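Report on the structure
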Amino acid sequence: MADNAGLQFVSSYAFEAMQKVDVARLAALSDPELRLLLPCLVRMALCAPADQSQSWAQDKKLILRLLSGVEAVNSIVALLSVDFHALEQDARKEQQLRHKAGGSNGESILVSQLQHGLTLEFEHSDPLRRLRLTLSELLAIMNKVVDSNGEFFLKSSELFESPVYLDEVADVLCILQAELPSLLPIVDVAEALLHVRNGDWFLCLLVANVPDSFNEVCRGLIKNGERQDEESVGGRRRTEALRQLCQMNPSQALNIRAMVVEECHLPGLGVALTLDYKPDTADEAVSPLVSYVSGLLLGTNSKVRTWFSMFIRNGQQRKRESSSVLWQMRRQLLLELVAILPRSRSTHVPNDGDMEEASSGYSGLREEHVVKASALLRLYCALMGIAGLRPTDEEAEQLLQLMTSRPPATPAGVRFVSLSFCKLLAFPTLVSTPEQEQLMVMWLSWMIKEEEYFESAAGVSASFGEMLLLVAMYFHSNQLSSIIELVCSTLGMKIAIKPSSLSKMKTIFTQEIFTEQVVTAHAVRVAVTNNLSATITGFLPIHCIYQLLRSRAFTKHKVSIKDWIYRQLCETTTPIHTQLIPLIDAYINSILTPASKANPEATNQPITEQEILNVFQSSAGQGEGSRGGRQRYSITTQLLILYYILSYEENLLASTKQLALMQRKPKSYSAALMDQIPIKYLVTQAQGLQQELGGLHSALLRLLATNFPHLCLVEDWVCEEEVTGTLPLLRRMMLPSNTCRYTQSQLHQAFQKLPASSPRLMRIMEHLTLLSPGDLIPYAEALTASMALLLEPAVPRRILQTLNKLWMGLNTVMPRRLWVMTVNALQPSAKLLRQQRYTQNDLMVDPLIVLRCDQRVYRCPPLMDIVLHMLNGYLLASKAYLHSHLKETADFDRQSQTVSNLGVPGQPDTPEVTREELKNALLAAQDSAAVQILLEVCLPTSEEQQLGANTESLLSSIRGPLPGKSKRGSPGPRARGGVEEAEPEEGLLSDLREVQCLICCLLHQMFIADPNIAKLVHFQGYPQALLPLTVAGIPSIHICLDFIPELLAQPQLEKQIFAIQLLSYLCTQYALPKSLSVARLAISVMGTLLTVLTRAKRFSFFMPILPCLVAFCQAFPPLYDEVAGLLVQVGQVCASDVATKARDIDPLITRLQYLKEKPQGTAAPGGGSSKLTLPQRTAEELGGADPDVQLCYCVEATFMDIISSILHGL
């Protein structure tokens, strides 16, 4: 607004005095300054104050004294003397009239017909008419603003343009707004003043006389403002007015700028206020302009970013104007940039002769300017990349000078070099001339040379050297998108970079600075990052090595990287760096997979076994998971090496086919090495560090489940909860620190003096239960070596149970070594004399070694629990061992056979299928043998039989005595015995019963895990005396119902008999519809076999299975008719065979028919007794009888048992 250049605005000093009503300051104002504030001061002096204090009374006197010498006060007093109420009524009537007339300037109620121009009328009028003239003009402008719908217009008005009467008009305007605030809201008046000349001057006077309205007026003007103020005259006038207001009240300038950003209006005003802002304490680091513009473009608010970017783009489309806020901003930024440039910099490139002289000039970026230089670089990146700023030649030249300057070796200097390098990659157009290109190449060469010095002197782990290597690798592998991501990540902003724009930089990097061989050779010499963790940000050597591994650069140029990776893995700590696991995976891939088929030997070397052992030497000092002594390597290093070994072995197995085709067989790590690594202890430690280890813990669990399933038993995880839970922790916390510490030798001596030392041994073991599993490891040798001594008689059961508890605790941290020690300790005494010591490999090859222990273990439940736990683990370990062994050798054997069979037609190529079948057969035989041995253990010994142990006691104790239950193998009438004899008094508390329960639990788990084991075992068969135990004690045995029909179809009578006997117990235990249908099938098979079996086979088949029919009828009464029909049929067949003999058995057949038709009639008269009896026959009579006769009597006894069970059920 150049039209108000000669006017005097309210100074910030005067405005602050008005805000605070500081009378002393007001008195110090000059007459011209005081003249601008008279309307407010006069009203303040004349109106009755709300403040009745003595101090205000004194201040008011001073104000009156101040006003007494000013002539213009009289005219303002006259203005205040009119009737403003009547004036307001007339004004509202005029507004209504104008509204009806459609806004035309016809008749006016406020002003009658003017005889002269508006200025002359104002000069000759009295105060009331002056008020009316000004009010009428102001209302007309306000109405036009409302009707303009946002389109800007400039109203020509004599009243607001005449320089002679500006002061008087300003007085009238201030008085009108103060006295008629409802008619003239100050925000609307401020909006109207923008549409007249000198409007910003009137606006400042108006706000100065009502200082409390400053924020309200500014917010209103901003809200009604344009989104892009530089685009229109109205926007520029509004910006200038607000800028004048902020110059009048500079303390609120930053608040007004915040309003601008909040509303996303008037971007030029925000920049202008920043340019005008003069902070009290200058910040040497970053200027307010850089901070403000960077915040807009790099902040998180995308709406603000887009709004300001549009301001930059639109501003560039107009021709260069010195009055443009955008060009003022660019000029200021350029001045700040030039101010921090080294003084001796120029585009002149020194030749070799004057390099020494020029070196001082190239290191001239001062340390205090580095942070500011970095901020300027990021700002120019944002302006060019986000807002689309096109730099002028001067700006580009100075930017290149700044980017290629050489900062001091500080962390800020490292950051500056990284930003400069990324800016060169993001905007390669800054380098346009050969001189500039040569300057850039020299600067890059300086970066390579000084990288190590910067890293050591600055004390940072992430230097710009790694970024150089990474970019070089990306250029060599043509991963331009990765370079773009790297640049955007370093700069901290998303910039659209075309891959085609990097072609010049690619040529410079790949041909002049970093050839691929130079990259790989340099990468190996880069020092590893000490204590690498996720807290170290930026681009590190590990990023470079990872990319080189992926591109196979090391193997291509025969550069060994194994030592570097090993050193870096040893220099790690928590929280784990996210690049470590991908690095290990890429390294393993480079070991197993050649870089090209043409050169199959081009692979990296694996980490040696000795290097791996060095990592675990403190942990493996006393075996798996030793905690003694200070660990040389961190738990992170040990977990990463463990991950490397497991992942290497898994990938080696997965790659056997490809390796066999290339005739390569990389070395696998030995079993001896794996035995010395505390796998379970490390995984347990990792479980408590899951948050700090990222995905390493889950990756280790996946590898364990595949390669070491015996370390992932469900019961082990449950046991760990009991060992590491809250209750054990509280018990350990209550353990006094000064408590007596027992040594391993004391524990060993207590074991040797059993049973006399039982109390002392119990005290020691109870103390050990309070220790954590890790602290128990030193006692493992003494505990396991003395296990055999606990098998002696008179050893208290509590000692055995405590030993079991300690063993289970040790099992959570060192299972594999503990199992080997336990198996060797429990060998029979004869084997101990021969000193046969089994190894881990022996037990995985033949898990049944576990069961070749001292026979006394089979009747010692706490130790039997341990043996069963080990057996289950070794069965799983054997499966994994055989699978890996088959996978490891099958592909190479097949490949060699294929090579040897070349040219031999008709040679079958099926070794792999045969090997797989053999492996499955071996595993099935192994599992079934273990089950059969365990079932045999469940049978009572001769001594236990003499004491009355009964395998059927478990079944009968669960479902109660069965009427008519007879011993299956007993022939003749004695098979119809009644209820089983009473159990011994010890019953369920015997050691045999406890061992049986433990074995049944394990068999239940095995059957669930693999139902084929259950099928195989039952097809093999086992003693009939165990059927009550297995059916009652193994819940999953009901799956046998699925294959009993198949077992019945076998040609061997023994298997058919076993199937029917098993079915009888299953029907009683599981009276299900499926059981009923299988029972019907069994009865049908029995009827069919009756017609085809010879006389001898008929006797041997039906004698043991006839009692099973009693169980069928008891479980399913609807089967009575079918069973009775079968029994009559059996009797008839037998009778027909002996018809020619002297003995007449027709009466027996008649009785059978009668029993079938009227079973209830056999009851005692009156129903007083349900106990049926048959004539007793002597053993001599039955023994000498014909087999058919014996079978007939057995059929009769079965009939009576069925009838008894039915009546008993009623």
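**Considerations on the overall build of the protein chain**
Along the protein chain, the regular secondary structure elements total 65 helices and zero strands. In the protein chain, which comprises 1210 residues, the proportion classed as buried is 53%. Sequence separation of at least 24 residues holds for 75% of the intrachain contacts in the protein chain that already meet a minimum separation of 6. Approximately 53,800 Å² of the protein chain is accessible, and the part contributed by carbon and sulfur atoms is 53%.

**Let's talk about the state of the cysteines**
Applying the stated criterion to the full structure yields zero disulfides. Considering cysteine sulfurs only, Cys246 is the nearest to Cys218, which forms no disulfide, with 5.3 Å between them. Owing to a relative accessible area of 0%, Cys218 belongs among the buried residues under this scheme.

**So, the packing of helix α22 (residues 370-385) against helix α24 (residues 411-426)**
Contact geometry for α22 and α24: axes closest at 9 Å, N-to-C directions at 25 degrees. Considering the angle they form, α22 stands roughly parallel to α24. For the pair α22 and α24, the crossing hand works out as left-handed. Residues Val370, Val371, Ala373, Ser374, Leu377, Arg378, Tyr380, Cys381 and Met384 of α22 form the contact with α24, whose participating residues are Ala412, Gly413, Arg415, Phe416, Leu419, Ser420 and Lys423. The residue makeup of the contact of α22 with α24, split by class, is 10 nonpolar, three polar and three charged.

**Side note on helix α13 (residues 199-209)**
Burial analysis of α13 places 11 of its 11 residues in the buried class, which makes it a mostly covered element. Taken together, the buried positions of α13 are occupied by Gly199, Asp200, Trp201, Phe202, Leu203, Cys204, Leu205, Leu206, Val207, Ala208 and Asn209.

**Some details on the packing of aromatic side chains**
Taken as a whole and judged by the stated rule, the model has 12 aromatic pairs. An aromatic cluster is built from Tyr587, Tyr644, Tyr648 and Tyr669, whose rings are joined through pairwise contacts.

**Focus on the side chain of His195**
Within the secondary structure, His195 sits in the loop between α12 (186-193) and α13. One polar contact links the side chain of His195 to the main-chain carbonyl oxygen of Glu191, over a distance of 3.0 Å. When near neighbours in sequence (up to four residues on either side) are disregarded, His195 contacts Ile141, Val145, Phe152, Phe153, Leu154 and Lys155.

**Quick notes on a nonpolar patch on the surface**
Judged by side-chain polarity, Phe152, Leu154 and Val233 come together as a nonpolar surface patch covering roughly 240 Å² of accessible area. Within the secondary structure layout, Leu154 lies in the loop between α9 (127-147) and α10 (158-161).

**Details of helix α15 (residues 233-248)**
With 16 residues, α15 extends 23 Å from end C-alpha to end C-alpha; this agrees with the ideal 22 Å at 1.5 Å per step. Of all 16 residues making up α15, 12 are buried, and the element is well covered by its neighbours. Among all positions of α15, only Gly234, Gly235, Arg237, Arg238, Thr239, Ala241, Leu242, Arg243, Gln244, Leu245, Cys246 and Met248 are buried.

**Some words on the nonpolar core**
The biggest cluster of nonpolar side chains holds 379 residues, and the ones touching the most others in it are Leu245 and Tyr644. Setting aside anything within four residues of it in sequence, one finds Tyr644 in contact with Ile584, Tyr587, Ile588, Ile591, Pro606, Ile607, Ile612 and Tyr669.

**Some remarks on the pattern of salt bridges**
A full pass over the atoms with the stated rule returns 29 salt bridges. Note that Lys879 and Asp927 form a salt bridge whose closest N and O atoms lie 3.0 Å from each other. Remark: Asp927 occurs in helix α52 (residues 911-938) and Lys879 occurs in helix α51 (residues 861-900); sequence separation between them is 48 residues. In this structure Lys879 comes out as partly exposed when scored by relative accessible area, which is 29%. The shortest N-O distance in the salt bridge between Asp1042 and Lys1074 comes to 1.9 Å. Taken together, the residues Asp1042 in helix α58 (residues 1040-1048) and Lys1074 in helix α60 (residues 1073-1092) connect sequence positions 32 residues apart. One network of salt bridges, with partners in common, ties together Glu16, Lys20, Asp22 and Arg25.

**With respect to the confidence of the model for the protein chain**
Here the protein chain shows a mean pLDDT of 78. Residues at 70 or above account for 79%. Predicted confidence for residues 620-630 stays below pLDDT 50, and this span has 31 contacts to residues more than four positions away or in other chains. Segment residues 950-987 is flagged for pLDDT under 50; beyond a separation of four residues in sequence, or across chains, it makes 79 contacts in the model.

**Notes on the side chain of Glu650**
Tracing the chain through its elements places Glu650 in helix α35 (residues 635-654). Ignoring any residue separated from it by four or fewer positions in sequence, one finds Glu650 in contact with Arg702, Leu703, Thr706 and Asn707.

**Some points on the environment of Val42**
Mapped onto the fold, Val42 is located in helix α4 (residues 38-46). Once the C-alpha coordinates of Val42 and Asn74 are considered, the two residues, 32 residues apart in sequence, prove to be 9.3 Å apart. When neighbours within four sequence positions are excluded, Val42 is seen to be in contact with Leu67, Val73, Ile76, Val77 and Leu80.

**Comments concerning the packing of helix α23 (residues 393-403) against α24**
Their axes nearest at 9 Å, the elements α23 and α24 cross at an angle of 140 degrees. The angle between the axes of α23 and α24 places the two elements in the oblique class. Of the residues in α24, those in contact with Leu399, Leu400, Leu402 and Met403 of α23 are Phe416, Ser420, Lys423 and Leu424. Among the residues making up the contact of α23 with α24, the classes are represented as six nonpolar, one polar and one charged.

**A word on unusual backbone geometry**
Of the consecutive residues Thr574 and Pro575, the connecting peptide bond is found in the cis state with omega at -5 degrees. Tracing the sequence through the fold places Pro575 in the loop between α32 (562-570) and α33 (580-592). Located in the positive-phi region is Val21, a residue other than glycine, with phi close to 50 degrees. Even without being a glycine, Leu266 presents a positive backbone phi close to 55 degrees. Within the secondary structure, Leu266 sits in the loop between α16 (253-263) and α17 (267-276).

Each value, and the rule that gives it
- Residues numbered from 1 in each chain as written.
- Predicted model: local features only at pLDDT ≥ 70, side-chain atom pairs only at ≥ 80, totals over all residues.
- Heavy atoms only, no water.
- Helix = DSSP H or I, 4+ residues; strand = E, 2+ residues; numbered from the N terminus.
- Buried < 20%, exposed > 50% of the residue type's maximum accessible area, 1.4 Å probe, protein only.
- Contact = heavy atoms within 4.5 Å.
- Areas by Shrake-Rupley, 256 points an atom, 1.4 Å probe, with all protein chains shown as cover.
- Disulfide = S-S within 2.5 Å.
- Axes fitted to C-alpha atoms, helices over the stretch in contact; angles between N-to-C directions.
- Parallel < 35°, antiparallel > 145°, perpendicular 65-115°, else oblique.
- Left-handed = near helix turned anticlockwise from the far one by under 90°.
- Nonpolar A, V, L, I, M, F, W, Y, C, P; charged D, E, K, R; others polar.
- Phe/Tyr/Trp six-rings, centres within 6.5 Å; stacked < 30°, edge-to-face > 60°.
- Polar contact = N/O pair within 3.5 Å; in protein donor to acceptor, adjacent residues only side chain to side chain.
- Patch = residues over 30% accessible without salt bridge, like charges linked within 9 Å, V, L, I, M, F, W, Y side chains within 5 Å.
- Salt bridge = Lys/Arg side-chain N within 4 Å of Asp/Glu carboxyl O.
- Expected span 1.5 Å × (residues − 1).
- Core = buried A, V, L, I, M, F, W, Y, C linked by side-chain atoms within 4.5 Å.
- pLDDT = per-residue confidence, 0-100.

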